[in-house]
Amino acid sequence: MTDRSREASAVFATGALLGVAILVNYAVNRPGTFGLNYRVYHVAAEAALAGRDFYAVTPADSGYHYVYPPATVLAFLPSALAESWVPGFLAMTAVSVAASAVAARLLAGYVESLGYVVSRLERALLFAFLLASAASAPSLGYGQVNHALALALVAGFVWLARGREARAGVALAVPAFVKVFPAVVGLWLLRRRAWRAIAAAVGTAASLFGLGLLVFGVDTTRTYVTAALLPQRETADFVGGLAPGKSFVTLRRPLSVLFPNVDPVWYAVGAAALLAPVLAALYYRPRTVTDRHVAVHGTLVAMVLAFPSLLLYYAYTAFSLVVLLYDLPAGRGRQLFVAGALLANVSLSYGNLRETVRALPLGPATAQAILDAALPVLRLGTPVLWGSLLTLAGCLVYRVESGALSVPAPLRAVLDTE
């Protein structure tokens, strides 16, 4: 096994093990977590089938509402045929397993097309990572659609790299239509001048939006925009500094903590201002396939960090994360990238830590000491945030090492020091 394979396997294995620990914790301490999101899909489908407002209904045991575009509820209508949400949840779990298997096959095949060998063990670990990493496990437990959307992103970028632009555009449009913020991938399509992919993506999103308008009417579409889409900005959560228990991975978190009295709109501006020069550097004259991979990684990480994304959306970076674990050449850039990938596997917020510590056989004083020590760190940022930033740093250093970016002589001397 090569160093690349060992490092990739370490990331896959640690991510999957931590994810399994999360699922075990749900089963033992929070069994009501299973199907948490799917129950929302189920009651929304029941309301849609009955001709009622599916944005107004909530499950009896939670206050969550349906927040996806109207056309998406059509995919859940079969669930309404059963009285219980359980059969639909089991079907959604099967879809997630299948999506992870297909994504693993696509990624392994793409990596091998670059000239690297992906063993059977690595393929198995990759599948486990995509299905149940610390970022993916909550979606699996909740019955979320994120595994299917992560597959769409993987397939879209694989097809784009293989010149199948129209197919890539359709695939990349799906997560953008459902979750909105993945539309950031359009920045890379513009940089690549992938006009057919852009046309296919816009056409797909417009067609799906039109389908919802045709089937459910103007009033339902307006309700989606005003009651579901716009409130997802969640700026109120950042007023006075984001609470440490909130499971967000975003640059807006440290900005809100460092500048608690600023209008939350400026946190969005600040996050964009911090990420823009990084993307500009990674987009600058991509000469090789690896250059394009680091540019895609910058796009996907920026997509997650610029918005108030939950920790589980880190799973959307799977394409570039997996590919670069094999494709980044040896050097300081690779070291930073692998370290960041390992750190980002620790999908932890202060709320998660508090729950974990209280479940351990620790004395009250010891438990409180751990929480007190962790609070300042986790209030400022989660391991997923810091790990993501480390992977971006690794990409930037790689471009310097490859000679694509120029830096001051003293800094280059540091980078060149072994």
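Residues numbered from 1 in each chain as written. Predicted model: local features only at pLDDT ≥ 70, side-chain atom pairs only at ≥ 80, totals over all residues. Heavy atoms only, no water.

**A word on the layout of surface pockets**
Line of reasoning, step 1. The calculated volume of the second largest pocket comes to roughly 380 Å³.
Line of reasoning, step 2. Of the residues belonging to the lining of the second largest pocket, the class tally is 17 nonpolar, 3 polar and no charged. (1 Å grid on protein atoms, 1.4 Å probe; cavity = no way out; pocket = protein on both sides within 12 Å on 5 of 7 lines; lining within 4 Å. Points joined across faces, edges and corners; volume = space filled by probe spheres on them. Nonpolar A, V, L, I, M, F, W, Y, C, P; charged D, E, K, R; others polar.)

**Notes on the domain arrangement of the chain**
Line of reasoning, step 1. Domain parsing of the chain yields domain 1 (1-233) and domain 2 (236-406).
Line of reasoning, step 2. Using only C-alpha atoms to locate each centre, domain 1 and domain 2 end up separated by 21 Å.
Line of reasoning, step 3. With 48 residues of domain 1 in contact, the opposing surface of domain 2 contributes 42 residues.
Line of reasoning, step 4. Carbon and sulfur atoms supply 72% of the area buried between domain 1 and domain 2, which totals about 3800 Å² over both sides.
Line of reasoning, step 5. On the domain 1 side of the contact with domain 2, Arg4, Phe181 and Trp188 bury the most area, a combined 18% of that side's loss.
Line of reasoning, step 6. Where domain 1 meets domain 2, there are 1 salt bridge.
Line of reasoning, step 7. When the shortest N-O distance is used, the salt bridge between Arg334 and Glu7 registers 2.7 Å. (Domains from an automatic or database assignment. Contact = heavy atoms within 4.5 Å. Buried area = accessible area lost by both parts, 1.4 Å probe. Salt bridge = Lys/Arg side-chain N within 4 Å of Asp/Glu carboxyl O.)

**A closer look at the packing of helix 13 (residues 318-327) against helix 14 (residues 332-344)**
Line of reasoning, step 1. Two elements in contact, helix 13 and helix 14, have axes separated by 10 Å at closest approach and are oriented at 135°. Between helix 13 and helix 14, the angle falls in the class oblique. The handedness of the crossing between helix 13 and helix 14 is left-handed. For the pair formed by helix 13 and helix 14, the contact residues are Ser320, Leu321, Leu324, Leu325 and Tyr326 on the first element and Arg334, Phe337, Val338 and Ala341 on the second. (Axes fitted to C-alpha atoms, helices over the stretch in contact; angles between N-to-C directions. Helix = DSSP H or I, 4+ residues; strand = E, 2+ residues; numbered from the N terminus. Parallel < 35°, antiparallel > 145°, perpendicular 65-115°, else oblique. Left-handed = near helix turned anticlockwise from the far one by under 90°.)

**Points about the pattern of salt bridges**
Line of reasoning, step 1. Tallied over the entire structure, the rule returns 8 salt bridges.
Line of reasoning, step 2. For Asp291, the salt bridge is made with Arg399, and the minimal N-O distance between the two is 3.4 Å. With a gap of 108 residues between them, Asp291 in helix 12 (residues 289-305) and Arg399 in helix 17 (residues 383-401) connect regions that are remote in the sequence. The exposure classification of Asp291 matches that of Arg399, with both residues buried. (Buried < 20%, exposed > 50% of the residue type's maximum accessible area, 1.4 Å probe, protein only.)

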